[in-house]
Amino acid sequence: MEFTRFEEQIFLTTTLIENVTDNEFGTGFFIQKKIDDKSSKILLFSNKHVFWGKKDKNKSDIEKTIKITFHKKDEGKYKLGDIKQIKGDL
């Protein structure tokens, strides 16, 4: 599937974020930030409660396990439902 329209491209910038520790979830979106002429970083933005949970949202020293779902690309095209998940601790 080719995503050529704006509405379709925006679909690919959002991701599902699961707070495995607190059994909560939400969405986030990616932005690419240029650092200098040779490098950039990809940043993930979401609400605080998505990452830290509702009960711990003001306690950044608590360890949480987060799972992020990405859309996979195969031969230069995206296929709906074809995903890659990564899991890690904050």
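Let me sum up the structure you'll find in this document. (Residues numbered from 1 in each chain as written. Predicted model: local features only at pLDDT ≥ 70, side-chain atom pairs only at ≥ 80, totals over all residues. Heavy atoms only, no water.)

Bringing the overall build of the protein into the picture now. A tally of regular secondary structure across the protein gives two helices and five strands. Counting from the amino terminus, the protein carries its helices and strands in the arrangement α-β-β-β-α-β-β. Per-residue burial over the protein gives 20% buried out of 90 residues. Summarising the internal contacts of the protein: among those between residues at least 6 apart in sequence, 43% fall at separations of at least 24. Of the accessible surface of the protein, which amounts to about 7,100 Å², a share of 51% is contributed by carbon and sulfur atoms. Side chains of the protein carry 18 positive and 15 negative charges; the gap between the two charge centres is 2 Å. (Helix = DSSP H or I, 4+ residues; strand = E, 2+ residues; numbered from the N terminus. Buried < 20%, exposed > 50% of the residue type's maximum accessible area, 1.4 Å probe, protein only. Contact = heavy atoms within 4.5 Å. Areas by Shrake-Rupley, 256 points an atom, 1.4 Å probe, with all protein chains shown as cover. Lys, Arg positive; Asp, Glu negative; His and termini not counted. Charge placed at Lys NZ, Arg CZ, Asp CG, Glu CD.)

Attention now moves to the pattern of salt bridges. Inspection of the entire model under this criterion finds three salt bridges. Lys 67 is the partner of Glu 18 in a salt bridge, and the nearest nitrogen-oxygen pair spans 4.0 Å. Remark: Lys 67 occurs in strand β4 (residues 65-74) and Glu 18 occurs in strand β1 (residues 14-19); sequence separation between them is 49 residues. Here Glu 18 falls in the partly exposed class, since its relative accessible area comes to 23%. (Salt bridge = Lys/Arg side-chain N within 4 Å of Asp/Glu carboxyl O.)

This brings us to the nonpolar core. If you look at the biggest cluster of nonpolar residues, it comprises six residues: Ile 17, Val 50, Phe 51, Trp 52, Ile 66 and Ile 68. Put simply, the parts of the chain that give this core at least two residues each are α2 (48-52) and β4. Contacts of Val 50, omitting those with residues within four sequence positions, involve Ile 17, Asn 19, Gly 26 and Ile 66. (Core = buried A, V, L, I, M, F, W, Y, C linked by side-chain atoms within 4.5 Å.)

This brings us to the packing of aromatic side chains. Following the criterion strictly, the structure yields two aromatic pairs and no others. Ring geometry for Phe 29 and Phe 45: centres 5.6 Å apart, planes at 15 degrees, overall stacked. Of this pair, Phe 29 sits in strand β2 (residues 24-34) while Phe 45 sits in strand β3 (residues 40-45), placing them 16 residues apart in sequence. Here Phe 29 falls in the partly exposed class, since its relative accessible area comes to 39%. On the accessibility criterion, Phe 45 (38% relative accessible area) is partly exposed. Look at Phe 30 and Phe 70: their rings are 5.5 Å apart centre to centre, the planes differ by 20 degrees, and that puts the pair in the stacked class. Of this pair, Phe 30 sits in strand β2 while Phe 70 sits in strand β4, and the two are 40 residues apart along the sequence. (Phe/Tyr/Trp six-rings, centres within 6.5 Å; stacked < 30°, edge-to-face > 60°.)

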